[in-house]
Amino acid sequence: MVEGIKLGCRCGQVSGRIAAHPHWQGNRLICYCKDCRAYLQHLERTDCLNEFGGTDIYQVPPAHVTILQGHAQLACLQMTRQGVYRWYTQCCNTPVGNCFSAFWPMVGVVHSFVLGSLDEQVGPSSGSVYCRDAQGRVPDELKGARSHKAMVLRLIAKLLAWKLCGKNTPSAFFVNGEPRVMPQQLASGTAVDND
Ligand SMILES: [Zn+2]
Ligand SMILES: [Zn+2]
């Protein structure tokens, strides 16, 4: 069992929590994609990237994530028009988390919004994705045992299970299929080449 995880921005105005859940419910991974990196670069928070430009993320269903205070500080970015919804706090530019859409029941909570150590609270990362886009060659021990493909399949299995279990709502990020805050779209659709 993973105990409830406290969430908070660095200035303390926004706080939240991830509800206690069985260990297999969450998925910790490092994403090296350019889009995740561009999001942190835009927020001027490259200090949240690891030394190879990767983002440490803990994926959980939306129903497990609650914002307790500071709702008005939550803001949303999309690097491209149909892009991932990337949330942050406008009080202090703390990266909060990523959602594919209102339909898919997943929030990738960025480690910067987690109070305390993810290692201690949820254990080590289960693997990495988009290592080919990393800044430099990611050492195997940091990558983890699973391939990119295995990680993607693992996420798809979790998404389907969470969808079937109705874990999409309530959501701190979407209401009636719409984001709670209009996302700011960066660049006119040309932003990040993620191929
Ligand atoms: Zn803040
Ligand atoms: Zn990414």
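These notes cover the structure that comes with them. As the structure is a computational prediction, the values presented were derived from the model and not from experiment. The residue count restarts for each chain, going from 1 along the sequence in the order it is written. By the order in which they are written, chains take letters starting at A while ligands take numbers starting at 1. pLDDT decides what is reported in this predicted model: residues at 70 or higher carry local features, side-chain atom pairs at 80 or more are listed and counted, and totals for whole chains, interfaces and linings draw on all residues regardless. Side-chain descriptors were evaluated using all non-hydrogen atoms of the structure, hydrogens and water having been removed beforehand.

Turning to the environment of Ile-67, a few remarks are in order. We count a stretch as a helix when DSSP gives it H or I for four or more residues in a row; a strand needs E for two or more, and each element gets its number in order from the N terminus. Position of Ile-67 among the secondary structure elements: in strand β5 (residues 65–69). Buried residues are those whose accessible area, probed at 1.4 Å on protein chains only, stays under 20% of the maximum for their type, while exposed residues exceed 50% and partly exposed ones sit between those limits. A relative accessible area of 7% places Ile-67 in the buried class. As a C-alpha pair, Ile-67 and Gly-166 span 99 residues in sequence and 19 Å in three-dimensional space. Here a residue-residue contact requires only that any non-hydrogen atoms of the pair lie within 4.5 Å. Discounting chain neighbours no more than four positions away, the residues touching Ile-67 are Val-14, Ser-15, Gly-16, Leu-74, Phe-113 and Ala-172.

Paired strands, as defined in this entry, are two strands with at least two bridges between them according to DSSP. Read from one edge to the other, the open sheet built from eight strands follows the order β10-β3-β4-β9-β8-β7-β6-β13, with strand pairing classed as mixed. Both outer strands of the open sheet, β10 (128–129) and β13 (184–185), are each paired with one neighbouring strand and no more. In this structure, strand β4 (residues 55–60) lies alongside strand β9 (residues 107–110), joined through four bridges in antiparallel fashion. By the bridge assignment, Ile-57 is partnered in β9 with Val-110. Axis lines are fitted to C-alpha atoms, over the contacting stretch for helices. Their N-to-C directions set the angle, which ranges from 0 to 180 degrees. Lying over the sheet, helix α1 (residues 34–42) contacts β3 (27–31), β4, β6 (74–78), β7 (85–89), β8 (94–99), β9 and β13, oriented at roughly 150° with respect to β8.

Note on definitions: salt bridges are taken to be side-chain nitrogens of Lys or Arg within 4 Å of carboxyl oxygens of Asp or Glu. All told, the structure shown has four salt bridges when counted by the stated rule. Salt-bridge contacts for Arg-86 lead to Asp-35; the nearest nitrogen and oxygen are separated by 2.8 Å. Residue Arg-86 is located in strand β7, and its partner Asp-35 is located in helix α1; the two are separated by 51 residues in the primary sequence. Note on Arg-86: relative accessible area 3%, which makes it buried. We classify Asp-35 as buried; its relative accessible area is 8%. Taken together, the salt bridges that share partners define one network made up of Arg-28, Asp-56 and Asp-119.

Turning to the side chain of Ser-171, a few remarks are in order. Along the chain, Ser-171 turns up in the loop between α4 (148–164) and β11 (174–175). Other than its neighbours up to four places away in sequence, Ser-171 contacts Pro-62 and Arg-180.

Here we come to the nonpolar core. As used in this record, nonpolar core signifies buried Ala, Val, Leu, Ile, Met, Phe, Trp, Tyr and Cys residues forming a set joined through side-chain atoms within 4.5 Å. Core analysis: the biggest nonpolar cluster contains 26 residues, and Ile-5, Leu-7, Ile-18, Tyr-58, Val-65, Val-109 and Phe-173 have the highest contact counts within it. Listing elements by their share of this core, those giving two or more residues are β1 (5–8), β4, β5, β6, β7, β8, β9 and α2 (118–122). In this view, Val-65 contacts Leu-7, Arg-17, Ile-18, Val-60, Val-107, Val-109, Ala-172 and Phe-173; residues no more than four positions away in its chain are not counted. Residues Tyr-39, Leu-43, Cys-48 and Leu-186 belong to the second largest nonpolar core, which totals twelve residues.

Before going further, it helps to examine the sheet that holds strand β2 (residues 15–18). Read from one edge to the other, the open sheet built from three strands follows the order β1-β2-β5, with strand pairing classed as antiparallel. The open sheet has two edge strands, β1 and β5, and neither has a second partner. Strand after strand, the sheet turns through a mean of 25° between neighbouring axes, direction not considered. For β1 and β2, the ladder comprises four bridges, and the chain directions are antiparallel. Each bridged residue has a counterpart across the sheet, and for Leu-7 the counterpart in β2 is Gly-16.

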